[in-house]
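Each chain, written out:
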Amino acid sequence: MGESAHDGIDRVPLRPGKQGLGSPFLLDWCEPVQNLSVLDLGCGEGYFARNLKRRGARSIQGMDLSSEMIERAREEESRERLGIDYRTGNATELKCFEDSSFDRVVAIFLFNYLSCEQTQTAMEEVIRVLKPGGCFIFAVPHPNLPFSRLQEPPFFFSPGEAGYFSGRDKLFEGEIYRRDGVSVPVRCVHKTLSDYFRCLRDAGFRVMPDLEELCVTPEMLAKDPEFFGPLTDEPLHLAFRVEKNR
Ligand SMILES: C[S@@+](CC[C@H](N)C(=O)[O-])C[C@H]1O[C@@H](n2cnc3c(N)ncnc32)[C@H](O)[C@@H]1O
């Protein structure tokens, strides 16, 4: 069943508290979630939403632009009833949600699909729907990855002739390989590190964000050296966690 790129490098278990790739780290970063309300923007087929619900979130709203993804998420919901509500929608238009409705908003690998302008619009909506003191957690491909990585498995983007600055807002196609060797096409509308900070600031976030550069850990390397070896010492993902002013 379609479990997206989380079947690959994102789903490798990590020791708590260790910087590393993917979902376990990001799920921990959403804690505490017990009895909290969560909006998962660009939820895909709901992998992250399901895991937050299993960790005790009170209510989860998943939203994705793709009706196909929402259909798949609902199929999962009918297989395992967790009480997650999924709807089709654009992360830049959250009018269906009232101000200060959510304790957490998460966007896992959403902004690589959005331009700088769309990212800022989405963040303006995020801060509006977050409760004061609520947290916004998001992950994106590391902005340097398309330029530092070789164009080969298990993970790369192709910037073509574009450079780090000249490539802003340009679409880079890429591939991410699952550990079973199957590749999944991925894309990234390139943004610089400053773009993410500017979007957050201009959207109204005033508190310094937590920032982690996710990379392959020694534990992951020991677990599957063939798969993770080529990624060693590469900055792969960036994770942000920022609080709305109380
Ligand atoms: C790489 S997938 C990540 C899915 C999920 N968050 C995960 O980590 O498995 C990105 C998702 O963002 C969705 N997406 C792209 N643009 C969007 C937008 N403007 N609003 C909402 N979702 C969007 C895509 O349909 C896709 O399902």
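Quantities reported herein were computed from a predicted structural model and do not represent experimental measurements.

### Some thoughts on the sheet that holds strand E6 (residues 155-158)
Spatial ordering of the open sheet is given by E6-E7-E8, a layout of three strands whose pairing is antiparallel. Edge strands, defined here as strands with exactly one partner in the open sheet, are E6 and strand E8 (183-189). When strand polarity is set aside, the average angle formed by the axes of neighbouring strands in this sheet is 25°. Alignment of strand E7 (residues 171-177) against E8, held across seven bridges, turns out to be antiparallel. Among the inter-strand pairings, Gly174 is bridged to a residue of E8, identified as Val186.

### Examining the packing of helix H4 (residues 116-129) against helix H6 (residues 193-203)
Packing of H4 against H6 leaves a shortest axis separation of 8 Å and a crossing angle of 40°. Taken together, H4 and H6 sit at an angle that is classed as oblique. Considering how the two elements wind past one another, H4 and H6 form a crossing that is right-handed. Between H4, through Cys116, Thr119, Gln120, Met123, Glu124 and Ile127, and H6, the contact on the second element is made entirely by Asp195, Cys199, Leu200, Asp202 and Ala203. Class assignment for the residues of the contact of H4 with H6 results in six nonpolar, two polar and three charged.

### Side note on the pattern of salt bridges
Pairs can form between side chains of opposite charge whenever their charged atoms are close. Here the structure, examined in full by the defined rule, presents 16 salt bridges. Taking the shortest distance from any N to any O, the salt bridge between Asp103 and Lys131 comes out at 3.4 Å. With Asp103 in strand E4 (residues 102-108) and Lys131 in strand E5 (residues 130-141), the pair connects residues that are 28 residues apart, well separated along the chain. According to the relative accessible area criterion, Lys131 is partly exposed, its value standing at 26%. When the shortest N-O distance is used, the salt bridge between Arg128 and Glu125 registers 3.0 Å. Taken as a pair, Arg128 and Glu125 lie in helix H4 at a separation of three residues, close to a single helical turn. For Glu125, a relative accessible area of 13% translates into the label buried. Overlapping salt bridges bring together Asp28, Glu31 and Arg55 as one network.

### Details of a nonpolar patch on the surface
Taken together, Leu193, Phe197 and Leu211 make up a surface patch of nonpolar side chains, about 210 Å² in accessible area. Along the chain, Phe197 falls in helix H6. Given the relative accessible area of 30%, Phe197 is considered partly exposed.

### Comments concerning the side chain of Lys53
With respect to the secondary-structure elements, Lys53 resides in helix H2 (residues 47-54). Summary of buried charges: Lys53 has no salt-bridge partner, and the nearest side chain of opposite charge, Glu77, is 8.1 Å away. At a separation of 3.4 Å, a polar atom in the side chain of Lys53 contacts the main-chain carbonyl oxygen of Arg58. Not counting the four nearest positions on each side in its chain, Lys53 is found in contact with Arg58, Ile60, Leu82, Gly83 and Ile84.

### Thoughts on unusual backbone geometry
What is expected of a backbone is that most residues other than glycine have negative phi and most peptide bonds are trans. Here the bond from Glu31 into Pro32 is cis, since omega is -5°, no more than 30 degrees from zero. Here Pro32 is to be found in the loop between helix H1 (23-30) and strand E1 (37-41). Put simply, Pro153 and Pro154 share a cis peptide bond, and its omega is 5°. At Phe109, a position not held by glycine, the phi torsion is positive, near 60°. Here Phe109 shows up in the loop between E4 and H4. Residue Phe109 is classed as buried on the basis of its relative accessible area, which comes to 18%.

Thresholds, definitions, all that
- Note on numbering: residues in each chain are counted from 1, in written sequence order.
- The predicted nature of this model means local features are confined to residues of pLDDT at least 70 and side-chain atom pairs, given and counted, to a pLDDT of 80 or more, with totals for whole chains, interfaces and linings taken over all residues.
- Only heavy atoms go into the side-chain values, all of them from the structure, while hydrogens and water stay out.
- Strand pairing is defined by DSSP finding a minimum of two bridges between the two strands.
- Numbering goes from the N terminus for both helices and strands, where a helix is a DSSP run of H or I of at least four residues and a strand is a run of E of at least two.
- Fitted lines through C-alpha atoms serve as axes, helices being fitted only where they are in contact, and the angles separating the N-to-C directions of these axes extend from 0 to 180 degrees.
- Just so you know how the angles are binned, under 35 degrees is roughly parallel, over 145 roughly antiparallel, 65 to 115 roughly perpendicular, and the rest oblique.
- Should the near helix be turned counterclockwise from the far one by less than a right angle, the crossing is left-handed, whereas a clockwise turn marks it as right-handed.
- Whether two residues touch is decided by their heavy atoms; if any such pair falls within 4.5 Å, the residues are in contact.
- In this classification, the charged set is Asp, Glu, Lys and Arg, the nonpolar set is Ala, Val, Leu, Ile, Met, Phe, Trp, Tyr, Cys and Pro, and all remaining amino acids, among them Gly, are polar.
- Just to be clear on terms, a salt bridge is a Lys or Arg side-chain nitrogen sitting within 4 Å of an Asp or Glu carboxyl oxygen.
- Three labels apply to residues, based on accessible area from a 1.4 Å probe with only protein chains included: buried if under 20% of the type maximum, exposed if over 50%, partly exposed otherwise in between.
- Nonpolar side chains (Val, Leu, Ile, Met, Phe, Trp, Tyr) within 5 Å and like charges within 9 Å form the patches, drawn only from residues with over 30% relative accessible area and no salt bridge.
- Shrake-Rupley sampling with a 1.4 Å probe provides the accessible areas, and residues are treated as covered by the protein chains on show and by no other component.
- None of His or the chain ends enter the tally, which takes Lys and Arg as positive and Asp and Glu as negative.
- Whenever a nitrogen or oxygen atom comes within 3.5 Å of another N or O atom, the pair is scored as a polar contact, on the condition that within protein one atom can donate a hydrogen and the other can accept it, and that pairs from neighbouring residues in sequence are kept only if both atoms are in side chains.

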